[in-house]
Each structure stands twice: as structure tokens, then as C-alpha cells.
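Working through the structure, step by step
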Amino acid sequence: MFSGLSSLVIEDVTDQDGVIVVRARTAGQMVPCPRCGAGTGQVHGYYGRTVADVPADGRQVVVHVRVRRMRCPVLDCPVQTFREQVPGVLDRYQRRTTRLAGQAGEVARRLAGRAGAGLLAALGVPLSRHTAMRVLLRLPLPEVSVPRVLGVDDFALRRGHVYATVLIDAETGGRVDVLAGRTVEVVEAWLRGHPGVEVVCRDGSGAYGEAVRRALPGAV
Ligand SMILES: [Zn+2]
């Protein structure tokens, strides 16, 4: 039932007003410093993350995970403490486990709007239409490879209200990334974080032109 949480140690499972509440912690193994790679088991402190998991028997499942803040053992490492990551279970800034986000995103991708939200509700995943769209935007994409020729376009999530930006490799047609919003700042930040684009094909909002001028003054 909790196979997706198999990297965690489950300490307690309780029924709280019909919601299945799982208390879990990380297994306590050595983890590498994200900066220098030194392995460490030194715990600086603990913090809690609460995420929703896939429903069990039609009931919501909420997981409280105790995660460690680790101390890097290398004295001159610029990273003194860091949060341990729980890949496959907790992604940064997510309020759902990876598998719930993946399932919800799959539903949102196939059944847009109210139909998707309705199906998820029937499955025991209370997710508004807008949240379903946000889940879709946060779906982990394969490692971003920076294309030489980048296509940039916007699309409406809700008619005329909420926009996202889709980045396409113009040479292969593959989707490179999806950004929430279509402002100069959003696109500029992505371009600055992913150097290597030589040519940008853009459509839609004029903000894209401004973002390209700021981040890639040498691009075509
Ligand atoms: Zn370090």
C-alpha cells in the first residue's frame, strides 16, 4: 500500500476523521553534501514536511515526514547545513508525493478542466481545476537540455486569465520546458539559467522580445 514511500521508515498510521495519516521519517543513512559531495551523517536538526499521497481505499492519505537538516563535515565548504532530499517521494516545494503529483498530472493532461477535477474527486483526490493545472505545470520534466534554436510561445490555462509559456526545441519539435506565466522576468530568468541558446523564434506576447534582448543580447 505504501510502496511509493519505501525509502521512508513508517512510524505510525492513524485514521483521523476518515483521512489516513501516516507519520514517517527518513531512514537515517549517510547523505552527500550537495556542494562538495562529502558524505555526512551529522544531523543539524529536523523539520517536517506534510504531503498528500495517492488515496487508499478511496480515502485521502496524508503523510507527515520528518526530514533531517544535515551538517557538511568539510570545514571550508560554503554549505554548512542542507536539507536532505527524498527523491521519488518529496520534491522541493511540492505538497504532494511524487507519485500523486504524477497521477494527478496524467489525469490533468488527458482530461482538461472540470472533467479531470471531477475524476480526481471520484478517486479520492480533492484537487480543484486550478490546482490540477498547477500540478500539470510542476510535473517533473526530463533533464532540460538547452536547444540551439528555441521556440517560445504562450498558451492560456484559463481563457484569457492565466498564461503559461512553453519552450520548444525548434529543430526537433520537442518540449523543453513549461514556465508559469509569460512575463519578461519569467522568460529572462529561464534564459539566464540555461545558457547556450543561439536563435529564438518567438510569437505571442511582446514580453518575450524584451526578455531575449535582456538575457541574450547576441541571439538572433
Ligand atoms: Zn560540503
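Here the structure is a predicted model, which is why all the values come from computation and not from measurement. (Residues numbered from 1 in each chain as written. Predicted model: local features only at pLDDT ≥ 70, side-chain atom pairs only at ≥ 80, totals over all residues. Heavy atoms only, no water.)

Taken together, the protein ligands of the zinc ion are Cys 33 (SG), Cys 36 (SG), Cys 72 (SG) and Cys 77 (SG), with distances of 2.2 to 2.4 Å. Classification of the site at the zinc ion rests on its four donor atoms, whose angles at the metal span 103 to 114°, yielding the label tetrahedral. Of note, the donors binding the zinc ion are all from one chain and are spaced C-x2-C-x35-C-x4-C. Of this pair, Cys 33 sits in the loop between strand 3 (31-32) and strand 4 (39-40) while Cys 72 sits in the loop between strand 6 (59-71) and strand 7 (81-83), and the two are 39 residues apart along the sequence. Judged by relative accessible area, Cys 72 falls into the buried class, the value being 8%. (Donors = N, O, S within 2.8 Å, 3.2 Å for Na, K, Ca; no water. Tetrahedral: all angles 85-135°; square planar, octahedral: opposite > 155°, others 65-115°. Helix = DSSP H or I, 4+ residues; strand = E, 2+ residues; numbered from the N terminus. Buried < 20%, exposed > 50% of the residue type's maximum accessible area, 1.4 Å probe, protein only.)

Our next topic: the packing of helix 4 (residues 184-193) against helix 5 (residues 207-215). The geometry of helix 4 relative to helix 5 is characterised by a closest axis approach of 8 Å and an angle of 35° between their N-to-C directions. The hand of the helix 4/helix 5 crossing is right-handed. Of the residues in helix 5, those touching helix 4 at Val 184, Glu 185, Val 187, Glu 188, Leu 191 and Arg 192 are Ala 207, Tyr 208, Glu 210, Ala 211, Val 212, Arg 214 and Ala 215. Here the contact of helix 4 with helix 5 is composed, by residue class, of eight nonpolar, no polar and five charged. (Axes fitted to C-alpha atoms, helices over the stretch in contact; angles between N-to-C directions. Left-handed = near helix turned anticlockwise from the far one by under 90°. Contact = heavy atoms within 4.5 Å. Nonpolar A, V, L, I, M, F, W, Y, C, P; charged D, E, K, R; others polar.)

Applying the stated criterion across every chain, the model contains zero aromatic pairs. One Lys or Arg, Arg 66, reaches over the ring of Tyr 46 and ends 3.9 Å from the middle of that ring. Between Arg 83 and the ring centre of Tyr 47, over which it is positioned, the NZ or CZ distance is 4.0 Å. (Phe/Tyr/Trp six-rings, centres within 6.5 Å; stacked < 30°, edge-to-face > 60°. Lys NZ or Arg CZ within 6 Å of the ring centre and 35° of its normal.)

Let's shift gears to the nonpolar core. Formed by 17 residues in total, the largest nonpolar core has its most connected members in Leu 150, Val 152, Leu 167, Trp 190, Leu 191, Val 200 and Leu 216. At five residues, helix 5 tops the list of elements feeding residues into this core. Other than its neighbours up to four places away in sequence, Leu 191 contacts Leu 150, Ala 211, Val 212, Ala 215 and Leu 216. Residues Val 51, Val 65, Val 89 and Leu 90 belong to the second largest nonpolar core, which totals 15 residues. (Core = buried A, V, L, I, M, F, W, Y, C linked by side-chain atoms within 4.5 Å.)

Pairing of strand 1 (residues 8-16) with strand 2 (residues 19-26), which is carried by eight bridges, proceeds in the antiparallel orientation. In the sheet register, Asp 12 faces strand 2, and the bridge partner there is Arg 23. Adjacent in sequence and paired antiparallel, strand 1 and strand 2 are bridged by two residues, among which Asp 17 carries a positive phi angle near 55°. (Pairing = 2+ DSSP bridges.)

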